[in-house]
Amino acid sequence: MKKNLIKKVFAVSLSIAMACSLLPAANPVTASAAAPYVSLKTTFKTLKVGQSYKMTLKNNTVSWKIKKVETTDKPIATVYGKTTSSVMIKGKSEGRATIRVKLKTTKRKKNNTKTLRCRVKVVTSTPSTVDPTPTQTDATVTTQQELTDALANTSITKITIKPASAVNFTIPSGTYSNVDLIVDAPQSDITNSATFKSITVENIKPETWTENGAGNAFTWKASNGRLVVGKGASVRAISIPTASKVAIHVQEGTVAAINVTAKAEISLTGKLAEGAAAIAISFSGAATDAKLTTAIKVAVKTQAKIAAIFEKGAEDSTIKLDAANISVDITNNTTKAIEVTKNNNTKQSVSAGHKGTVSAVATPTNPGGSSSTNGGSSGGTYKPATTNSINTGSSIKIKEINGTVTDSAISVASKAAINFTISGVKANTPAAIEYNIVAVGEKDGKDWRTSVGGTGWKKMDVKYTTVNNKQEIDYCYKEINAVLEDLPMDLTFEVQFRVAETSTAAASSAVKTEFKITLSGDGKFDFGDKSVNF
């Protein structure tokens, strides 16, 4: 019986051993197949005071994103520049702190949040282990807070605003002269009061960029957009290198220059700050068929064929054709003539309420002759413009002598004899001076123009002064005696002066002033103020 018991025990043990041998080796397989969990780049970091470190995620296999970052002791270690996959840590003062990084993923319905930690030790001496991570100089921001943090980081020299959705940004006042700002935000509005090294607008919501800063230079590449220059703001330059539609609205601010190097459409509206100079707009040869519409005073130079529409508010604007074989199509809806200077320095005007095409001469070496409604002609061999000019520091006076009006009606007079004197005109250095006068007005609902004292440029008379037994030019003057017939009752006299052409130089650019005369039915004149300071 004892032997039978021993046999039964041995049989059961053998069965158990055989069954166990058929089971899988669980531990080795599990160890080799288990995926690593998401974690931080390191869980302990030693930093020197003032040193920064970029903390990133590793083993991120289920699209974990950083949602929030906290530090247990901001005076020791602070965090900034957070993105969805990294955060910057900076040592502030000696001590220890813990950085908590909160994650979230949309790939899981459960267990989709996680908090990771990194202990930071900040020392005053150089850490024994040198961190190979370079200082962050670029930042791409998607929220207002990320932008604020990037602006606060003095090591960052390039900030890109690139939100994935409609996020509007406000940039407070500040000077970031070493920071290039790039905007790629097709669904965003931006209000800026800061000054940057440069601003490049790649994409923006079509409505508005509101500029309240001082002295910024823009490169505008967005296909569509509106730039508002706020009251008191100033823009140093706007470069437009792509075929785009750009609306610029000035709310009593200033824009120094606009440079166009592509077939773009630019519209200018609003009002410049009081005393601000005309906006200088240049079109390069690559801007062929570009279009400008402006209700603000501008000074245009173009090396390409363009179209320009001048609305009311753009009075006293000018255009210079800077190349041969080009033209500009002008629509003048202002109240004054638009003056065009050709590439051989001759001039032509497009009257108020009229359209016209002004063409450059075929070649600047043999411009031939041309004339204009403002008078003036040039022919033969091309001459460079004189460096002499009218002395803008002088006081040019226009004084009434006398005049009579006959057969006046409510809106027109059959004849008027007008006599006045121009005096005080000087050149920077002694030179002959010319003048040209055109009377303009409105009669029967149409523009009315006529030359005064003969068409074209006429020589001024010269008054001499004897100094040390030698005659020197004191100033030029002219007495004008004109009889005008069938003229409006309200007249504006456009008076131009320039240094005359010489054997070696073409005439100078013209200086222009104007004065108004109202003719009355009782044979009297109302001249108003006749003194003009240039």
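Residues numbered from 1 in each chain as written. Predicted model: local features only at pLDDT ≥ 70, side-chain atom pairs only at ≥ 80, totals over all residues. Heavy atoms only, no water.

1. Description of the overall build of the protein chain
What the protein chain contains, in helices and strands, is 3 helices and 39 strands. The 534 residues of the protein chain split such that 41% are buried. Only carbon and sulfur atoms are counted for the fraction: they give 50% of the accessible area of the protein chain, which is about 27,500 Å². (Helix = DSSP H or I, 4+ residues; strand = E, 2+ residues; numbered from the N terminus. Buried < 20%, exposed > 50% of the residue type's maximum accessible area, 1.4 Å probe, protein only. Areas by Shrake-Rupley, 256 points an atom, 1.4 Å probe, with all protein chains shown as cover.)

2. Remarks on helix H3 (residues 144–152)
Within H3 the residues assigned to the buried category are Glu 146, Leu 147, Ala 150 and Leu 151. Buried residues along H3 cover an arc of 135 degrees about the axis, so they all sit on one side. Buried positions along H3 lie against strand S9 (138–141), strand S10 (158–161), strand S11 (169–185) and strand S12 (190–204). (Arc of directions from axis to C-beta. Contact = heavy atoms within 4.5 Å.)

3. Focus on the packing of aromatic side chains
Ring pairs (aromatic) are described by centroid distance and by the angle formed between their planes. In the structure shown here, the tally under the stated rule is 2 aromatic pairs. A ring pair is formed by Tyr 176 and Phe 196, whose centres lie 5.4 Å apart and whose planes are at 25 degrees; its orientation type is stacked. Separated by 20 residues along the polypeptide, Tyr 176 in strand S11 and Phe 196 in strand S12 bring together distant segments of the chain. Across this residue pair, the class does not change: Tyr 176 and Phe 196 are buried. Seen from their ring centres, Trp 209 and Phe 218 are 5.5 Å apart, and the 90 degrees between their planes marks the pair as edge-to-face. For Trp 209, a relative accessible area of 0% corresponds to the buried category. The class for Phe 218 is buried, based on a relative accessible area of 1%. (Phe/Tyr/Trp six-rings, centres within 6.5 Å; stacked < 30°, edge-to-face > 60°.)

4. Here's the deal with the nonpolar core
With 64 residues, the main nonpolar core has Trp 209, Ile 258, Leu 268 and Phe 283 as its most contacted residues. It is S11 that contributes the most residues to this core, 7 residues altogether. The residues contacting Trp 209, other than those within four sequence positions of it, are Leu 181, Val 183, Ile 190, Asn 192, Ile 199, Val 201, Ile 204, Phe 218, Trp 220, Arg 226, Leu 227 and Val 228. (Core = buried A, V, L, I, M, F, W, Y, C linked by side-chain atoms within 4.5 Å.)

5. Some thoughts on the pattern of salt bridges
One pass over the structure, following the stated rule, counts 11 salt bridges. Residues Lys 336 and Asp 316 are paired through a salt bridge, measuring 3.3 Å at the closest nitrogen-oxygen approach. Of this pair, Lys 336 sits in the loop between strand S25 (327–332) and strand S26 (338–341) while Asp 316 sits in the loop between strand S23 (306–310) and strand S24 (318–321); the two residues are 20 residues apart in sequence, bridging distant segments of the chain. Sharing partners across several salt bridges, the network here consists of Lys 68, Glu 70 and Lys 102. (Salt bridge = Lys/Arg side-chain N within 4 Å of Asp/Glu carboxyl O.)

6. So, the side chain of Ser 317
Examined against the element boundaries, Ser 317 turns out to sit in the loop between S23 and S24. One polar contact links the side chain of Ser 317 to the main-chain amide nitrogen of Val 298, over a distance of 3.0 Å. In this structure the side chain of Ser 317 is engaged in a polar contact, spanning 2.6 Å, whose partner is the backbone oxygen of Ala 314. Apart from residues no more than four positions distant in its own chain, Ser 317 is found in contact with Ile 296, Lys 297, Val 298, Phe 310, Ile 338 and Glu 339. (Polar contact = N/O pair within 3.5 Å; in protein donor to acceptor, adjacent residues only side chain to side chain.)

7. Describing unusual backbone geometry
Of note in this structure, Ser 63 is not a glycine but carries a positive phi near 60 degrees. Summarising the element assignment, Ser 63 is placed in the loop between strand S3 (52–58) and strand S4 (65–71). Phi at Glu 252 takes a positive value of approximately 60 degrees, unusual for a residue other than glycine. Within the secondary structure layout, Glu 252 lies in strand S17 (residues 245–255).

8. Details of the sheet that holds strand S1 (residues 39–40)
Strand order in the open sheet formed by 4 strands is S1-S3-S6-S5, and the pairing between neighbours is antiparallel. In this open sheet, the two strands that pair with only one neighbour each are S1 and strand S5 (77–80). (Pairing = 2+ DSSP bridges.)

9. Remarks on a positive patch on the surface
Together, Lys 65, Lys 67, Lys 104 and Lys 107 give the surface a local cluster of positive charge. As for its position among the elements, Lys 65 is in strand S4. (Patch = residues over 30% accessible without salt bridge, like charges linked within 9 Å, V, L, I, M, F, W, Y side chains within 5 Å. Lys, Arg positive; Asp, Glu negative; His and termini not counted. Charge placed at Lys NZ, Arg CZ, Asp CG, Glu CD.)

10. Here's the deal with the pairing of strand S20 (residues 279–283)
Burial along S20 is one-sided: the residues Ile 279, Ile 281 and Phe 283 are buried and none of Ala 280 and Ser 282 is. Relative to S20, strand S18 (residues 257–260) runs parallel, the two sharing 4 bridges. Note that in S20 the partner of Asn 259 across the bridge is Ser 282. Bridge analysis of S20 against strand S22 (residues 298–302) gives 5 bridges, and the strand direction is parallel. In the strand pairing of S22, Phe 283 is matched with Thr 302.

11. Some remarks on the sheet that holds S4
As summarised here, the arrangement of the 4 strands in space is S2-S8-S7-S4, forming an open sheet in which the pairing is mixed. With one partner strand each, in any of the chains shown, strand S2 (44–48) and S4 form the two edges of the open sheet. Across the sheet, the mean angle separating the axes of adjacent strands is 30 degrees when strand polarity is ignored. The pairing of S2 with strand S8 (residues 113–123) spans 5 bridges and is classified as parallel. Each residue of the ladder has a partner; that of Lys 48, found in S8, is Val 123. (Axes fitted to C-alpha atoms, helices over the stretch in contact; angles between N-to-C directions.)

12. Notes on the environment of Lys 446
Relative to the assigned elements, Lys 446 resides in strand S32 (residues 446–451). Along the chain, Lys 446 and Gly 353 lie 93 residues apart, while their C-alpha atoms are 8.6 Å from each other.

13. Some words on the confidence of the model for the protein chain
For the protein chain, per-residue confidence averages 81 on the pLDDT scale, and 81% of positions sit at 70 or higher. Taking the mean pLDDT of every element in the protein chain, the minimum, 43, falls on helix H2 (residues 26–33) and the maximum, 96, on strand S21 (residues 290–294). Note on residues 365–382: pLDDT is under 50 here. Beyond four places in sequence and across chains, it has 45 contacts. Predicted confidence for residues 530–534 stays below pLDDT 50, and this span has 18 contacts to residues more than four positions away or in other chains. (pLDDT = per-residue confidence, 0-100.)

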